[in-house]
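Chains, contacts and geometry: an overview
Here is what each chain is made of, one letter per residue.
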Amino acid sequence: MTGARRVLAAPRLQLAAKAGLAAGLAFLIAPYMPGAAAQYPYYAPLGALVAMYENVAGSMRQGFQTLVGLAAGIGLSFLLLSFGATPLSVGIVMALGVLLAGLPRLGAGRDWIPTAALLVLLVGGNNPDDFSFGYLLQMGVGVAIGVIVNLLVFPPLHFNAAALSLTELRLALARQLTDMGAAVHEKWPPEHEDWSLRSDELARSARSVRDAVQKADASREANPRRRFHPRDVDLDYRNVRDLERVTFHIQDMTEVLAEVIWNKDMPFTIPLPYSEPLAKALAAVGEVLSADEEDPDRQAELTAAARGAVDSLRARIVSSGADADAPSAAESILLSLHRILRVAETDSR
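Predicted, not measured: the structure shown is a model, and the values here were computed from it. (Residues numbered from 1 in each chain as written. Predicted model: local features only at pLDDT ≥ 70, side-chain atom pairs only at ≥ 80, totals over all residues. Heavy atoms only, no water.)

Overview of the environment of Ala174
Formally: Counting from the N terminus, the helices are the DSSP runs of H or I reaching at least four residues and the strands are the DSSP runs of E reaching at least two. Contacts were defined at the residue level, with two residues in contact if any of their heavy atoms lie within 4.5 Å.
Residue placement: Ala174 occurs in helix α8 (residues 159–185). Separated by 79 residues in sequence, Ala174 and Ala95 place their C-alpha atoms 54 Å apart. Every residue in contact with Ala174, bar those within four places of it in the chain, is listed here: Gly286, Leu289 and Ser290.

Thoughts on the confidence of the model for the protein
Basically, it comes down to this: Scored between 0 and 100, pLDDT is the confidence that the predictor attaches to each residue.
Across the protein, pLDDT averages 89, with 94% of residues at or above 70. Under a pLDDT of 50 for its full length, residues 1–8 has, in the predicted model, five contacts with residues more than four places off or in other chains.

So, a nonpolar patch on the surface
The test is simple: Like-charged residues are merged into a patch within 9 Å and nonpolar side chains (Val, Leu, Ile, Met, Phe, Trp, Tyr) within 5 Å, provided each residue has over 30% relative accessible area and no salt bridge. For accessible areas, the Shrake-Rupley method is used with a probe of radius 1.4 Å. Any residue's cover is judged against the shown protein chains and nothing else. By convention in these notes, a salt bridge is any Lys or Arg side-chain nitrogen within 4 Å of a carboxyl oxygen on Asp or Glu. Remark: exposure states derive from per-residue accessible area (1.4 Å probe, protein chains only) relative to the maximum for the residue type, with buried under 20%, exposed over 50%, and partly exposed in between.
On the surface, Leu21, Leu25, Leu28 and Ile29 cluster together to form a nonpolar patch covering roughly 330 Å² of accessible area. Tracing the chain through its elements places Ile29 in helix α2 (residues 10–29). Relative accessible area serves as the criterion here: at 34%, Ile29 is assigned to the partly exposed category.

Looking at the packing of aromatic side chains
For the record, the criterion: Put simply, two rings from Phe, Tyr or Trp (the six-membered ring, in Trp's case) pair if the centres are within 6.5 Å, and we call them stacked under 30 degrees between planes, edge-to-face over 60, tilted for the rest.
Inspection of the entire model under this criterion finds seven aromatic pairs. An angle of 90° between the planes, with centres 5.2 Å apart, marks the rings of Tyr40 and Phe131 as edge-to-face. One end of the pair, Tyr40, is in the loop between α2 and α3 (43–51); the other, Phe131, is in helix α7 (residues 128–152), and 91 residues separate them in sequence. Considered together, Tyr40 and Phe131 belong to a single accessibility category, that of buried residues.

What to know about the nonpolar core
The following threshold applies: Only buried residues count toward a nonpolar core, which is a set of Ala, Val, Leu, Ile, Met, Phe, Trp, Tyr and Cys residues joined through side-chain atoms within 4.5 Å.
Ranked by size, the top nonpolar core spans 55 residues in total, and within it Leu177, Ile250, Met253, Leu282, Ile333 and Leu337 carry the most contacts. Looking at this core, the elements with two or more residues in it are α8, α9 (199–220), α10 (233–262), α11 (272–290), α12 (296–320) and α13 (330–347). With 12 residues, α10 is the largest single contributor of residues to this core. Not counting the four nearest positions on each side in its chain, Met253 is found in contact with Leu177, Met180, Leu282, Ile333, Ser336, Leu337 and Ile340. Grouped together as the second largest cluster of nonpolar side chains are 13 residues, Leu15, Ala30, Ala48 and Val141 included.

Thoughts on α2
Just so we agree on the cut-off: How far a helix is expected to stretch is found by multiplying one less than its residue total by 1.5 Å. Our arc is simply the arc of the directions from the helix axis toward the C-beta atoms.
When the terminal C-alpha atoms of α2 are compared, their 29 Å separation across 20 residues agrees well with the 28 Å that a helix rising 1.5 Å per residue should span. By the burial criterion, the buried members of α2 are Leu15, Lys18, Ala19, Ala22, Ala23 and Ala26. Buried positions in α2, seen along its axis, are confined to an arc of 135° and lie on one side of it. For α2, the exposed residues lying more than 90 degrees away from the buried face are Ala10, Ala17 and Leu28. Along its buried surface, α2 packs onto α3 and α7.

Looking at the environment of Asp179
Where we set the bar: Polar contact is the term for a pair of N or O atoms within 3.5 Å; when the atoms are in protein, one must be able to donate a hydrogen and the other to accept it, and sequence-neighboring residues count only if both atoms are side-chain atoms.
Of note, Asp179 is situated in helix α8. Overall, the relative accessible area of 23% leaves Asp179 in the partly exposed class. Look past the residues within four positions of Asp179 in its chain and what remains in contact with it is Trp195 and Arg198. Only 2.8 Å separates the side chain of Asp179 from the side chain of Arg198, close enough to count as a polar contact.

Details of the side chain of Thr254
Tracing the chain through its elements places Thr254 in helix α10. Within the structure, the side chain of Thr254 is placed 2.8 Å from the backbone oxygen of Ile250, a separation counted as a polar contact. Apart from residues lying up to four places away in sequence, Thr254 is in contact with Gln176, Met180, Trp195 and Ser196.

Considering α10
End to end, α10 covers 42 Å across 30 residues, agreeing with the expected 44 Å (1.5 Å per residue, within 8%). Structurally, the start of α10 carries an N-cap: the backbone nitrogen of Asp234 is 3.2 Å from a side-chain oxygen of Asp232.

Here it is in structure tokens:
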């Protein structure tokens, strides 16, 4: 997905619309704040923007952390107000603010400590009390409005993205097995070698899937829509773990097969009699991974066929015996295929 498509994706557009709504409401309400706070209405939409996050719990957490950081920064600035805004006082405030920002669990609030301290020191002028009160109150109002808007206006649930990413990874792994099966059939070295370069890509995809599931899990917290859109996220985590294991085994097979084909110093081979059963086993296990999870009967049928293909490969290897001069690498691939099938069979129960 290109950068432009990410910006224009539905979740981003929804977040942008809610941020605009929250900022507008905050600026509408800001002039009605009590006392000197009404003089600083521009901080309210800033607070709304700060609190706008991709999930409700994140909005609450980020908004609260920001207010804590602001309060800490304001308190820090008052320690040096008697010195006025001098190069020395500004330098000390910044240094102390950065030190305080290193405190654990401050999260989004850490960056606001030196910012708030500097603003009070430089902008507060002769009325630091009024400015500090207005700054903190308006930001607080904005944060509250941002959280409320995010809570009430289509609070996001990222379940579809998690499900899609799981499916895409399964299909990518299935494609890898299918392409390796085709490579075994080709005259070596095969014309198509793109499959041999996908190991890192598969690893990145697996990490992205885990990130997507974690994002879906986080989107459930404090989200009133979760009761109307139930999803077994624990099952998603189990599926992620299973796919990570499968990814590891397929990466190992990819490396083994690529080494056998292109590395002339490789002391292992895949004897010609193994080529046909090996190609069939790779393709059959690939079909299991690409099977529709909503059709358990078909999945069971493909799993049984893959088990038969793997057993045929094992029988061929056993019957042929080992060549001490050029030991076979097929045993390594056979073991990985067996482990992948065990994962698939456990997952289907």
